[in-house]
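Below are the chains, spelled out letter by letter.
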Amino acid sequence: MEFKNRGIKLGTLLVEKGIISQEDLDRALELQEKRGIRLGQALTESGVVTADDIGWALADQYDVPYVHLKVANLDPEAVLLIPEDYARRYSVIPIIRSGNELAIAIDDPTKSSVLDDVREMTGLQLNVSLSLHEEIEGTLNEFYGLNSPFHELTIPEFHFHHAGIDELEAAA
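Residues numbered from 1 in each chain as written. Predicted model: local features only at pLDDT ≥ 70, side-chain atom pairs only at ≥ 80, totals over all residues. Heavy atoms only, no water.

Novice: Where do I start with the nonpolar core in this structure?
Specialist: Note that soluble globular proteins tend to have their nonpolar side chains buried in a common cluster. Counting 26 residues, the largest nonpolar core has Val92, Ile93, Leu102, Ile104, Val118 and Leu126 as its most contacted members. Of all the secondary-structure elements, those providing two or more residues to this core are helix H5 (76-79), helix H6 (84-90), strand S1 (92-98), strand S2 (101-106), helix H7 (112-122), strand S3 (125-130) and helix H8 (133-144). For this core, the leading source of residues is S2, giving five residues. Excluding residues that lie within four positions of it along the chain, Ile104 makes contacts with Val92, Ile93, Pro94, Ile95, Leu115, Leu126, Asn127, Val128 and Ser129. (Core = buried A, V, L, I, M, F, W, Y, C linked by side-chain atoms within 4.5 Å. Buried < 20%, exposed > 50% of the residue type's maximum accessible area, 1.4 Å probe, protein only. Helix = DSSP H or I, 4+ residues; strand = E, 2+ residues; numbered from the N terminus. Contact = heavy atoms within 4.5 Å.)

Okay, here's the thing in C-alpha coordinates:
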(Lines give C-alpha, C1' and ligand atoms only; values in the text may rest on other atoms or scores of the structure.)
Protein backbone atom coordinates (compact mmCIF):
# COMPACT_ATOMS: atom_id res chain seq x y z
CA MET A 1 0.00 0.00 0.00
CA GLU A 2 1.60 3.21 -1.15
CA PHE A 3 0.15 6.63 -0.75
CA LYS A 4 1.00 9.16 -3.38
CA ASN A 5 0.12 12.75 -3.84
CA ARG A 6 -3.08 12.93 -5.89
CA GLY A 7 -1.29 15.39 -8.18
CA ILE A 8 -2.45 18.45 -6.29
CA LYS A 9 0.21 20.67 -4.75
CA LEU A 10 -0.37 21.65 -1.14
CA GLY A 11 -0.35 25.38 -1.88
CA THR A 12 -2.75 25.00 -4.80
CA LEU A 13 -5.11 22.93 -2.66
CA LEU A 14 -5.12 25.56 0.09
CA VAL A 15 -5.80 28.36 -2.43
CA GLU A 16 -8.55 26.37 -4.20
CA LYS A 17 -10.28 25.63 -0.88
CA GLY A 18 -10.13 29.33 0.05
CA ILE A 19 -7.98 28.76 3.11
CA ILE A 20 -5.21 31.07 1.85
CA SER A 21 -4.90 33.63 -0.91
CA GLN A 22 -2.50 33.44 -3.84
CA GLU A 23 -0.55 36.29 -2.22
CA ASP A 24 -0.23 34.27 1.02
CA LEU A 25 1.06 31.34 -1.00
CA ASP A 26 3.58 33.48 -2.89
CA ARG A 27 4.97 34.93 0.37
CA ALA A 28 5.18 31.46 1.94
CA LEU A 29 6.98 30.07 -1.13
CA GLU A 30 9.55 32.87 -0.82
CA LEU A 31 10.02 32.07 2.88
CA GLN A 32 10.26 28.37 2.06
CA GLU A 33 13.02 28.96 -0.45
CA LYS A 34 14.88 31.48 1.71
CA ARG A 35 14.88 29.29 4.85
CA GLY A 36 14.83 25.82 3.29
CA ILE A 37 11.72 24.75 5.18
CA ARG A 38 8.55 22.94 4.17
CA LEU A 39 5.69 24.97 2.76
CA GLY A 40 3.38 23.98 5.62
CA GLN A 41 5.90 25.25 8.14
CA ALA A 42 6.32 28.51 6.23
CA LEU A 43 2.55 29.01 6.19
CA THR A 44 2.08 28.24 9.89
CA GLU A 45 5.04 30.38 10.94
CA SER A 46 3.57 33.24 8.91
CA GLY A 47 0.34 32.86 10.85
CA VAL A 48 -1.65 32.35 7.66
CA VAL A 49 -2.87 28.87 8.65
CA THR A 50 -2.91 26.61 11.67
CA ALA A 51 -1.09 23.31 11.90
CA ASP A 52 -4.54 21.72 11.83
CA ASP A 53 -5.24 23.38 8.46
CA ILE A 54 -2.03 21.87 7.10
CA GLY A 55 -2.89 18.43 8.52
CA TRP A 56 -6.33 18.50 6.93
CA ALA A 57 -4.89 19.64 3.58
CA LEU A 58 -2.16 16.97 3.59
CA ALA A 59 -4.74 14.28 4.35
CA ASP A 60 -6.85 15.57 1.48
CA GLN A 61 -3.79 15.69 -0.77
CA TYR A 62 -2.95 12.03 -0.05
CA ASP A 63 -6.57 10.89 0.17
CA VAL A 64 -6.34 9.52 3.71
CA PRO A 65 -8.45 10.36 6.78
CA TYR A 66 -7.20 13.05 9.14
CA VAL A 67 -7.49 12.16 12.83
CA HIS A 68 -7.13 13.87 16.18
CA LEU A 69 -5.70 11.48 18.74
CA LYS A 70 -6.80 10.95 22.33
CA VAL A 71 -5.31 8.35 24.62
CA ALA A 72 -8.80 7.44 25.85
CA ASN A 73 -9.70 6.37 22.29
CA LEU A 74 -6.69 4.11 21.82
CA ASP A 75 -6.74 0.35 22.14
CA PRO A 76 -3.81 -0.25 24.55
CA GLU A 77 -3.14 -3.72 23.16
CA ALA A 78 -2.94 -2.24 19.65
CA VAL A 79 -0.53 0.51 20.73
CA LEU A 80 1.78 -2.10 22.24
CA LEU A 81 2.07 -3.92 18.89
CA ILE A 82 4.74 -1.40 17.86
CA PRO A 83 7.76 -0.80 20.11
CA GLU A 84 7.70 2.63 21.73
CA ASP A 85 11.10 3.68 20.37
CA TYR A 86 10.03 2.79 16.82
CA ALA A 87 6.73 4.65 17.19
CA ARG A 88 8.57 7.75 18.40
CA ARG A 89 11.34 7.59 15.80
CA TYR A 90 8.94 7.29 12.86
CA SER A 91 5.95 9.19 14.27
CA VAL A 92 3.44 6.36 13.97
CA ILE A 93 0.88 5.07 16.47
CA PRO A 94 -1.62 2.24 16.36
CA ILE A 95 -5.16 3.31 17.20
CA ILE A 96 -7.25 0.13 17.24
CA ARG A 97 -7.10 -3.45 16.04
CA SER A 98 -10.09 -5.22 14.55
CA GLY A 99 -9.53 -8.77 13.40
CA ASN A 100 -6.64 -8.79 10.94
CA GLU A 101 -6.70 -5.00 10.47
CA LEU A 102 -4.84 -2.33 12.37
CA ALA A 103 -5.79 1.34 12.20
CA ILE A 104 -2.74 3.57 12.58
CA ALA A 105 -1.96 7.27 12.48
CA ILE A 106 1.25 8.51 10.89
CA ASP A 107 2.57 12.00 10.23
CA ASP A 108 3.50 11.24 6.63
CA PRO A 109 1.62 8.54 4.70
CA THR A 110 4.35 8.45 2.03
CA LYS A 111 6.74 6.71 4.45
CA SER A 112 6.25 3.41 2.65
CA SER A 113 9.17 1.71 4.41
CA VAL A 114 7.60 2.53 7.80
CA LEU A 115 4.25 1.18 6.65
CA ASP A 116 5.99 -1.98 5.41
CA ASP A 117 7.80 -2.35 8.76
CA VAL A 118 4.59 -1.95 10.75
CA ARG A 119 2.82 -4.45 8.51
CA GLU A 120 5.69 -6.91 9.00
CA MET A 121 5.92 -6.31 12.78
CA THR A 122 2.22 -6.86 13.31
CA GLY A 123 1.27 -9.24 10.51
CA LEU A 124 -1.84 -7.12 10.01
CA GLN A 125 -3.38 -5.13 7.17
CA LEU A 126 -3.15 -1.39 7.77
CA ASN A 127 -5.79 1.31 7.64
CA VAL A 128 -3.75 4.50 7.51
CA SER A 129 -4.75 7.93 8.78
CA LEU A 130 -2.76 11.12 9.00
CA SER A 131 -2.14 12.99 12.25
CA LEU A 132 0.23 15.82 13.08
CA HIS A 133 3.71 14.86 14.31
CA GLU A 134 3.20 16.93 17.45
CA GLU A 135 -0.09 15.20 18.18
CA ILE A 136 1.41 11.72 17.75
CA GLU A 137 4.34 12.67 19.97
CA GLY A 138 2.04 14.11 22.65
CA THR A 139 -0.21 11.05 22.56
CA LEU A 140 2.79 8.73 22.90
CA ASN A 141 4.05 10.82 25.82
CA GLU A 142 0.66 10.59 27.50
CA PHE A 143 0.26 6.87 26.80
CA TYR A 144 3.71 5.91 28.05
CA GLY A 145 3.83 8.51 30.85
CA LEU A 146 3.99 7.69 34.55
CA ASN A 147 0.46 9.01 35.14
CA SER A 148 -1.04 6.97 32.32
CA PRO A 149 -3.69 4.40 33.23
CA PHE A 150 -1.81 2.13 30.81
CA HIS A 151 1.61 2.60 32.44
CA GLU A 152 1.61 -0.88 34.02
CA LEU A 153 0.92 -2.43 30.61
CA THR A 154 3.94 -0.73 29.07
CA ILE A 155 6.61 -1.83 31.52
CA PRO A 156 7.66 -5.44 31.18
CA GLU A 157 7.58 -7.43 34.39
CA PHE A 158 10.92 -8.95 35.26
CA HIS A 159 11.36 -11.79 37.70
CA PHE A 160 14.83 -12.27 39.08
CA HIS A 161 16.00 -15.47 40.64
CA HIS A 162 18.80 -15.07 43.12
CA ALA A 163 20.85 -18.22 43.06
CA GLY A 164 22.14 -19.55 46.36
CA ILE A 165 25.69 -20.81 46.94
CA ASP A 166 24.66 -24.44 46.39
CA GLU A 167 23.13 -23.61 42.97
CA LEU A 168 26.21 -21.63 41.91
CA GLU A 169 28.58 -24.45 42.93
CA ALA A 170 26.42 -27.02 41.14
CA ALA A 171 26.44 -24.93 37.95
CA ALA A 172 30.24 -24.58 38.02
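Having seen the structure, we can now continue with the description.
Novice: I would appreciate a short explanation of the packing of aromatic side chains in the present structure.
Specialist: Remark: the centre distance and the inter-plane angle together describe each pair of aromatic rings, the angle taken between the planes. Counting across every chain of the model gives two aromatic pairs. Their ring planes at 45° and their centres at 4.6 Å tell us that Tyr86 and Tyr90 sit as a pair that is tilted. Residue Tyr86 and its partner Tyr90 are both found in helix H6; the two are separated by four residues, about one turn of the helix. The class of Tyr86 is buried, set by a relative accessible area of 9%. Judged by centre distance (5.0 Å) and plane angle (80°), the ring pair of Phe143 and Tyr144 falls under edge-to-face. Residue classification places Tyr144 among the buried residues on the basis of a relative accessible area of 11%. (Phe/Tyr/Trp six-rings, centres within 6.5 Å; stacked < 30°, edge-to-face > 60°.)

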